[in-house]
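Residues per chain, in single letters:
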Amino acid sequence: MLSYIARRLPTAALTVVLTSVVVFLLIGLLPGSPASVILGDQADPAAVAALEQRMGLDRPMVQQYADWARRLVTGDLGTSYISGAPIAGTLGAAAGATAELALASLIVTALTGAAFGIAAATARRRATQAVIRGASALIFGVPEYVLGILLILLFAITVRLLPAGGREPLLADPEIGIQYLAMPAIALGLHSGVVVGRFLETELRRQLEEEYLDTARAKGVSARRVLWRHALPNALPPVVTVLGMRVGHVLGGAVVIEAVFAWPGLGQVLANAVVSHDYLIIQDMVVYFVVVFIAVQVGGDLIHAALDPRVRLEGEAS
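In this text, all values refer to a predicted model and were calculated from it rather than measured experimentally.

Enquirer: Break down the side chain of Arg 71 for me, citing the residues and quoting the values.
Expert: As for its position among the elements, Arg 71 is in helix α4 (residues 61-74). Not counting the four nearest positions on each side in its chain, Arg 71 is found in contact with Asp 76, Leu 77, Gly 78 and Leu 280.

Enquirer: So what about the nonpolar core? Which residues, and what values?
Expert: Most often, soluble globular proteins have nonpolar side chains that are buried together. Leu 101, Leu 181, Met 183, Ala 185, Leu 188 and Phe 261 are the most contacted members of the largest nonpolar core, which totals 27 residues. Going through the elements one at a time, α5 (87-122), α6 (126-141), α7 (144-158), α8 (174-208) and α10 (223-260) are the ones with two or more residues in this core. The contact partners of Leu 188, leaving out residues within four places of it in the chain, are Leu 101, Ser 105, Glu 144, Val 250, Gly 253, Ala 254 and Ile 257.

Enquirer: Which residues make up the confidence of the model for the protein, and what are the values?
Expert: On average, the protein scores 85 in pLDDT, and the residues at 70 or more come to 96%. Within the protein, helix α13 (residues 309-317) has the poorest average pLDDT of any element, 62, and α7 the best, 93.

Enquirer: Give a description of the environment of Tyr 212 that names residues and reports values.
Expert: Structurally, the position occupied by Tyr 212 is in helix α9 (residues 211-218). Judged by its relative accessible area of 34%, Tyr 212 falls in the partly exposed class. Taking the C-alpha atoms as reference points, Tyr 212 and Leu 266, separated by 54 residues in sequence, lie 48 Å from one another. Ignoring sequence-local partners within four residues, the contact set of Tyr 212 consists of Gln 207, His 230 and Asn 234. Looking at Tyr 212, its side chain comes within polar contact range of the side chain of Asn 234, at 2.8 Å.

Enquirer: Account for the packing of aromatic side chains, with residues named and values stated.
Expert: Evaluation of the coordinates by the stated rule reveals three aromatic pairs. Ring geometry for Phe 24 versus Trp 68: centroids 5.7 Å apart, planes at 25°, classification stacked. Of this pair, Phe 24 sits in helix α1 (residues 2-29) while Trp 68 sits in helix α4, and the two are 44 residues apart along the sequence. Across the pair, exposure class does not vary: Phe 24 and Trp 68 are buried alike. Grouping aromatic residues by their ring pairs yields a cluster made of Phe 24, Tyr 65 and Trp 68.

Enquirer: Describe in detail the side chain of Gln 283, supporting the description with residues and values.
Expert: Inspection of the secondary structure assignment puts Gln 283 in helix α12 (residues 279-307). Exposure remark for Gln 283: the relative accessible area of 7% places this residue in the buried category. Gln 283 has contacts with Val 23, Phe 24, Ile 27 and Trp 68, leaving out every residue within four places of it along the chain.

Enquirer: Explain a nonpolar patch on the surface residue by residue, including any values.
Expert: Where nonpolar side chains cluster on the molecular surface, the patch consists of Tyr 145, Ile 149, Leu 150, Leu 153, Ile 157 and Val 256 and spans about 530 Å² of accessible area. At five residues, α7 tops the list of elements feeding residues into the nonpolar patch. Mapping Leu 153 onto the fold places it in helix α7.

Enquirer: An account of helix α11 (residues 266-275) is requested, with residue identities and associated values reported.
Expert: Those residues of α11 that fall on the buried side of the exposure criterion are Leu 266, Gly 267, Val 269, Leu 270 and Ala 273. Looking down the long axis of α11, one finds its buried residues gathered within 160° of arc, a one-sided arrangement. Turned more than 90 degrees away from the buried face of α11 sit Asn 272 and Val 275, all of them exposed. In the core, the buried residues of α11 are packed alongside α5, α10 and α12. Phi for His 277, located one or two positions after α11, is positive at around 60°.

Enquirer: Residue-level account of the environment of Gln 207, with values.
Expert: As for its placement among the helices and strands, Gln 207 is situated in helix α8. Non-local contacts of Gln 207, meaning those with residues more than four positions away in its chain, are made with Tyr 212, Leu 213, Ala 231, Asn 234 and Ala 235.

Enquirer: Quick one: what's the story with α7, residue by residue and with numbers?
Expert: Taking 1.5 Å per residue as the helical rise, α7 with its 15 residues ought to reach 21 Å, and the 20 Å between its terminal C-alpha atoms agrees with that figure. Where α7 bends most, at Ile 152, the angle is about 25°. On the buried face of α7, the contacting elements are α8 and α10. Immediately beyond the C-terminal end of α7, within one or two residues, lies Arg 160, with a positive phi of roughly 50°.

Parameters and conventions
Residues numbered from 1 in each chain as written. Predicted model: local features only at pLDDT ≥ 70, side-chain atom pairs only at ≥ 80, totals over all residues. Heavy atoms only, no water. Helix = DSSP H or I, 4+ residues; strand = E, 2+ residues; numbered from the N terminus. Contact = heavy atoms within 4.5 Å. Core = buried A, V, L, I, M, F, W, Y, C linked by side-chain atoms within 4.5 Å. Buried < 20%, exposed > 50% of the residue type's maximum accessible area, 1.4 Å probe, protein only. pLDDT = per-residue confidence, 0-100. Polar contact = N/O pair within 3.5 Å; in protein donor to acceptor, adjacent residues only side chain to side chain. Phe/Tyr/Trp six-rings, centres within 6.5 Å; stacked < 30°, edge-to-face > 60°. Patch = residues over 30% accessible without salt bridge, like charges linked within 9 Å, V, L, I, M, F, W, Y side chains within 5 Å. Areas by Shrake-Rupley, 256 points an atom, 1.4 Å probe, with all protein chains shown as cover. Salt bridge = Lys/Arg side-chain N within 4 Å of Asp/Glu carboxyl O. Arc of directions from axis to C-beta. Expected span 1.5 Å × (residues − 1). Bend = angle between axes of the 7 residues up to and from the residue.

Written out as structure tokens, the structure is:
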């Protein structure tokens, strides 16, 4: 396992470095400097140049990148170009809300994926299969923000069961917090759950057709034991990898879902930064999102390798 980890980490580190370079260059190519945004379109060029000098934007690009990368690594993210507030404090205050939403939505994804995948793979009647696949296709075809709006119309306006937006920290008051968290987590996690369910259905069907399970059935092993003790564990490794890849989708979808439900997370911070041209916050957040995505992917790959010895031995044999 250690050799497998040693093979994965350099690739992950290189991806983060290349991503930071691309993000820095793309932000640098945008028209207008942060100094122009702060001082306005009618500002005196001399005043803009003086502000750029104070912000260090007149230095060579390589030097600016090196300084920015150093601050990213050390956690000293500086201050916002627009508000002047410490960026680390701004991101830290919103990160807890986004982490809470992402974790809840991943739980919804896992439960939905397991329910759809197992039901679709084991259903024998065509009518049952048609209902499962129809429901799966319907959920997959509805964009997350539309699903969020439909949930608000149904549960917040029609039956008035849940609040339409806002947040109460789950740890502060679990009973109230779950009411605010339920709809955004379902809207964000249900779509990914259907995707995971389709992968699980395919893997389960493949496992159930394996000869070793025909032998088990011939020896009198029950269908339930064949499914839960043999087929499902062997079908899980690739599904775990797919579940890890959905984290990137969750982080991207959180930007929209947080806006729909007025959830005060990183998505709201990023949206505000884009509107106000606060480029430094955008740079920092994109790179940190990529770091989180890669870390979860590596974690998923390690779980996959732990569950399936063929994966971790593959590189050693070549």
